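Descriptive structure summary
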Amino acid sequence: MQCLCIGVNEFADDVVEQITNELKQLKSKQISFHIDEVNSGNSTSIICCVDPDNACENKSIHPYDALRVHVSNALAECIMKQYEQKLIQRIINSNYCYFNIMEKKEIYKSACQMLKNENKNFVNGLLQIRRKNMIIRKLLEYFESTNNLILDGFVNFRLKEYKKDLEEIVDKAVDEFLMQREYKEFIRLLKYFVDIQEPKYNVVHVLVRYDKKYILLDENKREITNECLEDFVSEVCEGEINYDDLLVSSLITLAPRKVIIHGNGEFDNKELLDTIKNVFFGKVVICDGCNLCLNIMSKK
């Protein structure tokens, strides 16, 4: 018999289950196997064995090589499932000790979302596959020289490249956290500017045109676009005009008691819409269809 012995301090049941499910694929290759567990104190030895004389439908595949491949795949899954979040926490505490507890929790949450690819991001999905393949390659290299592995030791001392990938994920989570913190401070400042001003209008209607420019109307549906924007436009060249920035600046200057957004479907920049909602919290109404909205649609 040829065997691999895996020493596990924690998660022994999960590791056994993962290896067992993975090794079931050997049956389709006409390779029989068995798994034994030996408990000793707080550790468990998982012994996976195959008969080297097994007949295999693919003569180019040696039973022991197949065992190493499948066990490595199972262990890679276990490492990503059971160790990644702990490693992320360790990296945050070590590399970013100057953040407070609540800030670290936010960074940890963001990093874990990237790890699990909760947003179904294509790049994060590819990075997941890359990390797993990286672990499998290291395991196969390790099993070339020995058939005994202590899982904790392997993770701590043999996966430097893999942990470097995790550090990059934490760095990205920190960048996003800092950007979000700056954004919140920016919104707080804009809200302050709005709150200290006397409202110039009770209501301002914002119409989003088909060309992504904006029309502003007062509560009487009288257009006030030019008088609101002319001061800003005069300071920049036509080619440099950012109409999203102009819209926010105009609304802050007008400080209306209510903002009604028409043609919401034309808002390609959802961050802009969110910014307006945050700055004028509780004062923004999204029109779900009126004559003004229909007029916008008819001019497409």
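Structure report, in brief. (Residues numbered from 1 in each chain as written. Predicted model: local features only at pLDDT ≥ 70, side-chain atom pairs only at ≥ 80, totals over all residues. Heavy atoms only, no water.)

Compared with an ideal rise of 1.5 Å per residue, which puts 12 residues at 16 Å, helix α9 (residues 243-254) spans 16 Å between its outermost C-alpha atoms and is within 8% of the ideal. Burial in α9 covers these residues: Leu246, Leu247, Val248, Ser250, Leu251, Ile252 and Leu254. Positive backbone phi, approximately 45°, marks alanine 255, located one or two places after α9. (Helix = DSSP H or I, 4+ residues; strand = E, 2+ residues; numbered from the N terminus. Expected span 1.5 Å × (residues − 1). Buried < 20%, exposed > 50% of the residue type's maximum accessible area, 1.4 Å probe, protein only.)

On to the environment of valine 203, then. Tracing the backbone through its elements, the reader meets valine 203 in strand β5 (residues 203-208). Expressed as a C-alpha distance, the spacing of valine 203 and serine 94, which sit 109 residues apart in the sequence, is 52 Å. With near-sequence residues (within four places) excluded, valine 203 lies in contact with Leu217, Asp218, Glu219, Pro256, Lys258 and Ile260. (Contact = heavy atoms within 4.5 Å.)

Further remarks concern the state of the cysteines. Considering all chains together, one arrives at one disulfide under this definition. In this model, cysteine 3 is linked to cysteine 49 through a disulfide, with the two sulfur atoms separated by 2.1 Å. Here cysteine 3 and cysteine 49 share a disulfide; its torsion about the S-S bond, 105°, makes the bridge right-handed. Remark: cysteine 49 occurs in strand β3 (residues 43-50) and cysteine 3 occurs in strand β1 (residues 2-8); sequence separation between them is 46 residues. What makes cysteine 49 buried here is its relative accessible area of 4%. (Disulfide = S-S within 2.5 Å.)

Another aspect to go through is the pairing of β3. Sheet analysis places β1 next to β3, joined by seven bridges and oriented antiparallel. Residue cysteine 3 lies in a different strand from β3, and its bridge partner there is cysteine 49. Pairing between strand β2 (residues 33-40) and β3: eight bridges, direction antiparallel. Note on β3: the bridge partner recorded for aspartate 36 is isoleucine 47. Counting the residues in the hairpin turn of β2 and β3 gives two residues, including glycine 41, whose phi is positive at 65°. (Pairing = 2+ DSSP bridges.)

Hydrogen bonding along the main chain pairs the strands of a sheet, whether they run parallel or antiparallel. An order of β2-β3-β1-β4 is seen for the four strands of this open sheet, with the pairing classed as mixed. The sheet is open, and its two edges are formed by β2 and β4 (148-150), each paired on a single side. Going across the sheet, the axis of each strand differs from the next one's by a mean of 15°, ignoring polarity. Two strands pair when backbone bridges link them, and β1 and β4 are joined in this way by three bridges, in the parallel orientation. Pairing of isoleucine 6 across the sheet is with leucine 149, part of β4. Along the sheet, helix α1 (residues 12-23) makes contact with β1, β2 and β3, crossing β3 at roughly 10°. (Axes fitted to C-alpha atoms, helices over the stretch in contact; angles between N-to-C directions.)

At a minimum axis separation of 10 Å, helix α3 (residues 84-95) and helix α7 (residues 160-196) run at an interaxial angle of 65°. Crossing handedness for the pair α3 and α7: right-handed. Listed contacts from α7 to Glu84, Leu87, Ile88, Ile91, Ile92 and Asn95 of α3 are Tyr162, Lys163, Leu166, Glu167 and Val170. Residues of the contact of α3 with α7, tallied by class, amount to seven nonpolar, one polar and three charged. (Left-handed = near helix turned anticlockwise from the far one by under 90°. Nonpolar A, V, L, I, M, F, W, Y, C, P; charged D, E, K, R; others polar.)

Attention shifts here to the sheet that holds strand β8 (residues 284-286). Here we have four strands laid out as an open sheet, ordered β6-β5-β7-β8, and mixed in their pairing. Only two strands of the sheet have a single neighbouring strand rather than two, namely β6 (214-217) and β8. Neighbour to neighbour, the strand axes of the sheet diverge by 20° on average, direction disregarded. Seen against the sheet, α9 touches β5, β6 and β7 (258-262) and runs at an angle of roughly 15° to β6. Taken strand by strand, helix α10 (residues 270-279) contacts β6, β7 and β8, and its axis lies near 140° from that of β8.

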